[in-house]
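Fold and contact review
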Amino acid sequence: ADTVYFLGTYGKILDPVCGPLPFGLYPYQEDALADFMSHQYNIVLKSRQMGFSWLVAGFVLYVGMFFSNKNIQMISIKEQTAIRLLAKVKYLYDYLPDWMKVRIIDDNKTLLTFEHGSRIESIPTSEDAGRSEGVTLLVIDEAAFVRWIDKVWQAAEPTLSTGGMCILLS
């Protein structure tokens, strides 16, 4: 029930120099997790190398694994960026203890589906990005650089009308 405990105890991130490291959360990351849980809409203005991509990947994994039938969509500026963001979710999953893992039934570069019905999809931006059925959690990465952000938001915002959450990172 505690995202901070989950990531701080079981999370592993990939450091480009040191390799796998425990996900030691900074206070600002703990505050952000509390905000993600408390507010429907979250806008994160961040600088580089603050660990927010890993933090959001961990939050996405938490929602996808611990809640059934959740539809999570991540939108990134390019296809390669979308693939890398989902790869962070998968990396965190791979380092979890086996007893904690929910079985994966679909796993490819852009989609991860769990046996209890939750799915995590990561797609590149397009004019139609975000236009889908109801979304539990919408993440837009590098939102300030997304082409057609007004059209993307116009398409995506109604998918949150059933109470879905949104995290905009930039």
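In this text the structure is predicted, and so the values were computed from the model without any measurement. (Residues numbered from 1 in each chain as written. Predicted model: local features only at pLDDT ≥ 70, side-chain atom pairs only at ≥ 80, totals over all residues. Heavy atoms only, no water.)

1. Things to note about the pairing of strand β1 (residues 12–15)
- As paired strands, β1 and strand β2 (residues 19–22) are joined by four bridges and run antiparallel to one another. If you follow leucine 14 over to β2, its bridge partner there is proline 20. (Pairing = 2+ DSSP bridges. Helix = DSSP H or I, 4+ residues; strand = E, 2+ residues; numbered from the N terminus.)

2. What about the sheet that holds strand β9 (residues 165–169)?
- Read from one edge of the open sheet, seven strands run β3-β9-β8-β4-β7-β6-β5, paired in mixed fashion. Strands with a single pairing partner mark the edges of an open sheet, and in this sheet they are β3 (41–44) and β5 (104–107). Between one strand and the next, the sheet's axes are offset by a mean angle of 10 degrees, whatever the strand orientation.
- Pairing between strand β8 (residues 137–140) and β9: four bridges, direction parallel. Bridging across to β9, isoleucine 140 finds its partner in leucine 168.
- In the packing of helix α3 (residues 52–66) onto the sheet, contacts are made with β3, β4 (71–76), β6 (111–114), β7 (119–124), β8 and β9, and the angle to β9 comes to roughly 165 degrees. (Axes fitted to C-alpha atoms, helices over the stretch in contact; angles between N-to-C directions. Contact = heavy atoms within 4.5 Å.)

3. Some words on the pattern of salt bridges
- Going through the model one piece at a time under the given rule, you end up with four salt bridges.
- Across the pair aspartate 98 and lysine 101 runs a salt bridge whose closest N-O atoms are separated by 3.7 Å.
- A relative accessible area of 65% places aspartate 98 in the exposed class.
- Here glutamate 121 ties to arginine 119 by a salt bridge, and the two come within 3.6 Å at their closest N and O atoms.
- Taking the relative accessible area as the measure of exposure, glutamate 121 reaches 22% and is therefore partly exposed.
- A relative accessible area of 24% places arginine 119 in the partly exposed class. (Salt bridge = Lys/Arg side-chain N within 4 Å of Asp/Glu carboxyl O. Buried < 20%, exposed > 50% of the residue type's maximum accessible area, 1.4 Å probe, protein only.)

4. Re the packing of helix α1 (residues 3–10) against α3
- Between α1 and α3, the shortest axis-to-axis distance is 10 Å and the interhelical angle comes to 110 degrees. Between α1 and α3, the crossing angle belongs to the class labelled roughly perpendicular. When you trace α1 past α3, the crossing you get is right-handed. Contact residues: Thr3, Phe6 and Leu7 in α1; Leu55, Gly58, Phe59, Leu61, Tyr62 and Phe66 in α3.
- In terms of residue class, the contact of α1 with α3 is built from seven nonpolar, two polar and no charged. (Parallel < 35°, antiparallel > 145°, perpendicular 65-115°, else oblique. Left-handed = near helix turned anticlockwise from the far one by under 90°. Nonpolar A, V, L, I, M, F, W, Y, C, P; charged D, E, K, R; others polar.)

5. Regarding the environment of lysine 101
- For lysine 101, the location among the structural elements is in the loop between α4 (79–94) and β5.
- Here lysine 101 falls in the partly exposed class, since its relative accessible area comes to 25%.
- Residues lysine 101 and methionine 65 lie 36 residues apart in sequence; the distance between their C-alpha atoms is 7.6 Å.
- Those residues within four positions of lysine 101 in sequence are excluded, and the remaining contacts are Met65, Tyr93, Asp94 and Leu96.
- One polar contact links the side chain of lysine 101 to the main-chain carbonyl oxygen of aspartate 94, over a distance of 3.3 Å. (Polar contact = N/O pair within 3.5 Å; in protein donor to acceptor, adjacent residues only side chain to side chain.)

Without other data, these values stay purely geometric and don't point to any function.
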